Amino acid sequence: MLREWLGEAGAGVDKSAPQVVIRNRDEYEKACSEFGLEKPPIEIDFLKEFAVVSTSRGSRISFRSRDEGEGRLKVMSISTRDIRPGLRIGIGVFSRQGVVFVNDTKL
């Protein structure tokens with residue numbers, strides 16, 4: 001992983017979502033809007049990078065990745081088990097170099 005952003009969903013957003021692979025600016029802006037963020041919180045160069053977005057009701061999210069060979073990257077998110085009001089969002093940014101599939105999603 002190159003970098004990550006961890007934050008809170010906007011006011012009134014209380015619906016968690018499955019982990020999502022973000023491949024381009026339009027997908028990124030749509031995901032940020034759905035989570036009540038006024039603007040994308042972290043810059044991503046989608047020519048060289050992609051992102052994985054994950055949500056949690058726990059207080060913290062972290063990402064783990066594993067190269068499975070042949071251009072396949074497995075990205076997992078792990079969150080703490082403490083349940084709190086609101087929704088936490090994690091955005092992990094990864095290099096596209098050598099990656100063709102992320103969790104079976106084609107880049």
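Presented here is an overview of the structure given in this document. Only a predicted model underlies this, so the values are computations on that prediction, with no experimental measurement involved.

What counts as what
- Residues numbered from 1 in each chain as written.
- Predicted model: local features only at pLDDT ≥ 70, side-chain atom pairs only at ≥ 80, totals over all residues.
- Heavy atoms only, no water.
- Salt bridge = Lys/Arg side-chain N within 4 Å of Asp/Glu carboxyl O.
- Helix = DSSP H or I, 4+ residues; strand = E, 2+ residues; numbered from the N terminus.
- Buried < 20%, exposed > 50% of the residue type's maximum accessible area, 1.4 Å probe, protein only.
- Phe/Tyr/Trp six-rings, centres within 6.5 Å; stacked < 30°, edge-to-face > 60°.
- Lys NZ or Arg CZ within 6 Å of the ring centre and 35° of its normal.
- Pairing = 2+ DSSP bridges.
- Axes fitted to C-alpha atoms, helices over the stretch in contact; angles between N-to-C directions.
- Core = buried A, V, L, I, M, F, W, Y, C linked by side-chain atoms within 4.5 Å.
- Contact = heavy atoms within 4.5 Å.

Details of the pattern of salt bridges
- Tallied over the full model, the rule gives 8 salt bridges.
- Two residues, Asp104 and Arg72, come together in a salt bridge whose shortest N-O distance is 3.4 Å. Taken together, the positions of Asp104 in the loop between strand S7 (101-102) and strand S8 (105-106) and Arg72 in strand S5 (residues 72-79) put the pair 32 residues apart, joining distant regions of the chain.
- With relative accessibility at 66%, the residue Asp104 sits in the exposed group.
- Here Arg72 falls in the partly exposed class, since its relative accessible area comes to 32%.
- One salt-bridge network, in which partners are shared between bridges, spans Glu8, Arg84 and Arg88.

Describing the packing of aromatic side chains
- In the structure shown here, the tally under the stated rule is 2 aromatic pairs.
- Between Phe50 and Phe94, the aromatic rings sit 5.5 Å apart at their centres with planes inclined by 15 degrees, giving stacked as the arrangement. Of this pair, Phe50 sits in strand S3 (residues 49-56) while Phe94 sits in strand S6 (residues 88-95), and the two are 44 residues apart along the sequence. Comparing Phe50 with Phe94, the two get one shared label, buried.
- Geometry around Phe101 places Arg72 over its ring, the cationic atom sitting 4.3 Å from the centre.

Considering the sheet that holds strand S1 (residues 3-8)
- Ordered in space as S1-S6-S3-S2, the 4 strands form an open sheet in which the pairing is antiparallel. The open sheet is flanked by S1 and strand S2 (20-22), the only strands paired with a single partner. Taken over all neighbouring pairs, the strand axes of this sheet differ in orientation by 20 degrees on average, direction set aside.

Re the nonpolar core
- One finds Ile22, Tyr28, Phe35, Ile44, Ile89 and Ile91 to be the most contacted residues of the largest nonpolar core, which totals 17 residues.
- Going through the elements one at a time, helix H1 (25-34), S3 and S6 are the ones with two or more residues in this core.
- With residues near it in sequence (within four places) discarded, Ile89 still touches Trp5, Leu6, Gly7, Glu8, Ala9, Phe35, Leu37, Val53, Ser54, Thr55 and Ile61.
- In this structure, Val52, Ile61, Phe63 and Val102 belong to the second largest nonpolar core, which totals 10 residues.

Details of unusual backbone geometry
- Backbone geometry at Glu70 places phi at a positive 55 degrees, although glycine is not the residue there.
- Within the element layout of this structure, Glu70 appears in the loop between strand S4 (61-69) and S5.
- The class for Glu70 is exposed, based on a relative accessible area of 79%.
- With a phi angle near 50 degrees, Asn103 is a residue other than glycine that sits in the positive phi range.
- Following the sequence through the fold, Asn103 ends up in the loop between S7 and S8.
- Taking relative accessible area as the criterion, Asn103 reaches 24% and is therefore assigned partly exposed.

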